[in-house]
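# Inside the fold
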Amino acid sequence: MSPLVRVENLRKQFGGLTAVHDLDFSVAEGEIVALLGPNGSGKTTVINMISGAFAPTAGRIMFGETNISGLPAHRIAHHGVARTFQLVRVLPSLTVRQNIVAAVAFRREPVWGQEAEAEAERLLSDVGLTGRGPEMAQDLTYIDQKRMELARALAAQPRLLLLDEWLSGLNPTELRVGIELIVSLRDRGMTVLLVEHIMEAVRALCTRAVVMNVGRKIADGPTAGVLADKHVVSAYLGEGHA
Ligand SMILES: Nc1ncnc2c1ncn2[C@@H]1O[C@H](COP(=O)(O)OP(=O)(O)O)[C@@H](O)[C@H]1O
Ligand SMILES: [Mg+2]
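Calculation rules
- Residues numbered from 1 in each chain as written.
- Chains lettered and ligands numbered in written order.
- Predicted model: local features only at pLDDT ≥ 70, side-chain atom pairs only at ≥ 80, totals over all residues.
- Heavy atoms only, no water.
- Salt bridge = Lys/Arg side-chain N within 4 Å of Asp/Glu carboxyl O.
- Helix = DSSP H or I, 4+ residues; strand = E, 2+ residues; numbered from the N terminus.
- Buried < 20%, exposed > 50% of the residue type's maximum accessible area, 1.4 Å probe, protein only.
- Axes fitted to C-alpha atoms, helices over the stretch in contact; angles between N-to-C directions.
- Parallel < 35°, antiparallel > 145°, perpendicular 65-115°, else oblique.
- Left-handed = near helix turned anticlockwise from the far one by under 90°.
- Contact = heavy atoms within 4.5 Å.
- Nonpolar A, V, L, I, M, F, W, Y, C, P; charged D, E, K, R; others polar.

Two side chains carrying opposite charge are able to pair once their charged atoms lie near each other. Counting across every chain of the model gives 14 salt bridges. One salt bridge in this structure joins arginine 60 and glutamate 8, with 2.9 Å as the shortest N-O distance. Of this pair, arginine 60 sits in strand E4 (residues 58-63) while glutamate 8 sits in strand E1 (residues 3-14); the two residues are 52 residues apart in sequence, bridging distant segments of the chain. As a salt-bridge pair, lysine 217 and aspartate 220 come within 2.8 Å of each other at their nearest N and O atoms. Relative accessible area serves as the criterion here: at 33%, lysine 217 is assigned to the partly exposed category.

What follows is the structure, encoded as structure tokens:
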């Protein structure tokens, strides 16, 4: 199958620090792939380059047949890439519905007014927030803020969803809900690149895993094999993670 996203020789330097070093990997349409690695290994920097927050120092990012490397974030979003942030970003002083309506307005073909409100209700239902539109965003529990953030990402009608530790901070019950939500997206054909520290979630969701360490790729393959790889295990142990 031809990949939906293909990263080639991707590199990012911050001054003298090479955060991402000649990285290659791809994600096929409909796949959920984990991007793993100890803290500081460059995962968020990769997400930032794919989504257009940072331009790569070198290399290429192909999205379908389009070279999106270095395009501004809004253009990449219009090509069909959406993301969530490692720290939840919402508009706290707006209602839940207004948060989604605002995101719908940034689509390539924005919708407004009643149509946008109806679309917001549909998106809220998709993430398990049916009828919660009138509540203030800042009053939501953590899992519900996560759901709303996901609805904001889905509002862009992405083909590729980038989730940066979206499941972190959830309690065990919420984690199960979060995993099921991602499963429901997969069942609707969404392609997902998932940065995640919770191995239970990685095993449950990801057919394939790409592992980075200090900016470089150290493993890429079916999840179970990658997680058992001794280089991967020692990279995590080296950082103090058991
Ligand atoms: N905007 C930035 N400016 C300078 N250094 C950065 C910036 N973003 C990330 N880094 C550095 O790049 C490395 C990789 O960071 P990051 O991609 O956030 O890792 P991860 O998400 O895997 O924990 C770290 O050493 C980090 O300090
Ligand atoms: Mg990170």
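Moving on from the model shown.
On to the packing of helix H3 (residues 96-104) against helix H5 (residues 142-154), then. Viewed as axis vectors pointing N to C, H3 and H5 meet at an angle of 25 degrees, and their least axial separation amounts to 8 Å. Of the possible angle classes, the one that applies to H3 and H5 is roughly parallel. Crossing of H3 over H5 shows right-handed handedness. Contacts between H3 and H5 involve Val96, Asn99, Ile100 and Ala103 from the first element and Met148, Ala151 and Arg152 from the second. Here the residues of the contact of H3 with H5 are counted per class, giving five nonpolar, one polar and one charged.

With that out of the way, let us pick up the environment of alanine 204. Summarising the element assignment, alanine 204 is placed in helix H7 (residues 199-205). Relative accessible area serves as the criterion here: at 44%, alanine 204 is assigned to the partly exposed category. Residues alanine 204 and glutamate 165 lie 39 residues apart in sequence; the distance between their C-alpha atoms is 15 Å.

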